[in-house]
Every structure is written in structure tokens, then in C-alpha cells.
Amino acid sequence: LLLLSWIVWSWNLPRTHDNYASQFHLRIIVENLHRLKIIIPQFLNQIIQWNRWGSLWIVLVVASLLGWRAFRKQHVIALWALLGMHFGLYIFIYIITPWEIQSHIQISLERLILHITPAAILIIGYHWNVIVRKEDIMENDCNPLQENGK
């Protein structure tokens, strides 16, 4: 019932050949590895676009360096792993896509980076917390929510 409006609206949309499951073959992956020369620079170019992301990705790097003690926390490591896997998944999809790679990147990369942004902001917050609360975090490494000595 909840999907009925979507089904009705999309009924006449053209069906595309986006069967990514059919692209999960080692042969296709190896044949398309040359796309990394296009994909990686496009990702890097996208995240340094000041007019789109401001200093978000620079702040992420700086906060992680200054707030390195946050890496002692399992949840911070987990968030970094998820962020890395998210980037990795998008790169993998670009490797196996049946679409022409330049066109696909041009119409989708900005939106994909937007999907990753909330995790990056959360990570910045954890590192920032360590930067501004040096004493509290160092004395109470196991539980950042617990007050000193209590």
C-alpha cells in the first residue's frame, strides 16, 4: 500500500539496463580497473569543491589529526570503517557500471558524496570532542559520557 503511489507513478518510466548484479564477474572487474584513473581524481576533485562542501573534508582531516585520541574509541574506528566502506562501495559501483563512466560520474557523484556527508560530520564531532575536552577524555577513556570521578 505504501509503495502503490511509487508503482503507479513509475509504471511508464523506461526500464534501463542497470542490472549491477550481472556485472559481478571477476573478468568485468579486472577489465574495468583502468577506470580508477578516472574515478579517484573525480572523487578528490569533488570533495575539494569549496562552493559545494565548504571546508568539510578539510576539517575532517584536520580534526582527525588533532583529535587523534578519538581513535582509541571503538565507535570512532567503526565510523571511520563505515565511511571508508561507503567510499569503497561507490568506487566499486563505478568500476562495474555498464554506463559510460564519465557521464555516470558527472550525473551522480555529487549526490553520492552527499550521502557520505552525515557520517563525516559525526566523525568530526567525535574528534572535536577529544580536542576540546583533553583532560576529561584522557582521564575517562572508557566512557566519555561519565563525569570525572563518578
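Scroll up a little and you will see the structure.
If you're wondering where the values come from, they're calculated on a predicted model, not measured in any experiment.

Criteria and cut-off values
Residues numbered from 1 in each chain as written. Predicted model: local features only at pLDDT ≥ 70, side-chain atom pairs only at ≥ 80, totals over all residues. Heavy atoms only, no water. Phe/Tyr/Trp six-rings, centres within 6.5 Å; stacked < 30°, edge-to-face > 60°. Helix = DSSP H or I, 4+ residues; strand = E, 2+ residues; numbered from the N terminus. Buried < 20%, exposed > 50% of the residue type's maximum accessible area, 1.4 Å probe, protein only. Lys NZ or Arg CZ within 6 Å of the ring centre and 35° of its normal. Salt bridge = Lys/Arg side-chain N within 4 Å of Asp/Glu carboxyl O.

**Re the packing of aromatic side chains**
Inference 1: One pass over the full model with this rule turns up four aromatic pairs.
Inference 2: Both rings, one in Phe43 and one in Tyr94, keep their centres 6.2 Å apart while their planes meet at 70°; by these two values the pair is edge-to-face. Placement of the pair is Phe43 in helix α3 (residues 36-47) and Tyr94 in helix α6 (residues 74-96), with a sequence separation of 51 residues. In this structure, Phe43 and Tyr94 share a single accessibility class: buried.
Inference 3: Among the aromatic side chains, those forming a connected cluster through ring pairs are Phe43, Trp57, Phe87 and Tyr94.
Inference 4: Directly above the ring of Trp68 sits Arg69, whose terminal nitrogen or CZ lies 6.0 Å from the centroid.

**Focus: the pattern of salt bridges**
Here the idea is simple: oppositely charged side chains can pair when their charged atoms come close.
Inference 1: For the structure on display, the rule yields two salt bridges.
Inference 2: Arg27 is the partner of Glu31 in a salt bridge, and the nearest nitrogen-oxygen pair spans 3.3 Å. Placement of the pair is Glu31 and Arg27 together in helix α2 (residues 26-31), with a separation of four residues, close to one helical turn.
Inference 3: A relative accessible area of 45% places Glu31 in the partly exposed class.
Inference 4: By relative accessible area, Arg27 is classed as exposed at 52%.
Inference 5: Notably, a salt bridge pairs Arg52 with Glu110, separated by 2.9 Å at the nearest N-O pair. Here Arg52 is found in helix α4 (residues 50-53), whereas its partner Glu110 is found in helix α7 (residues 101-132), with 58 residues between them in sequence.
Inference 6: Overall, the relative accessible area of 40% leaves Arg52 in the partly exposed class.
Inference 7: What makes Glu110 partly exposed here is its relative accessible area of 38%.

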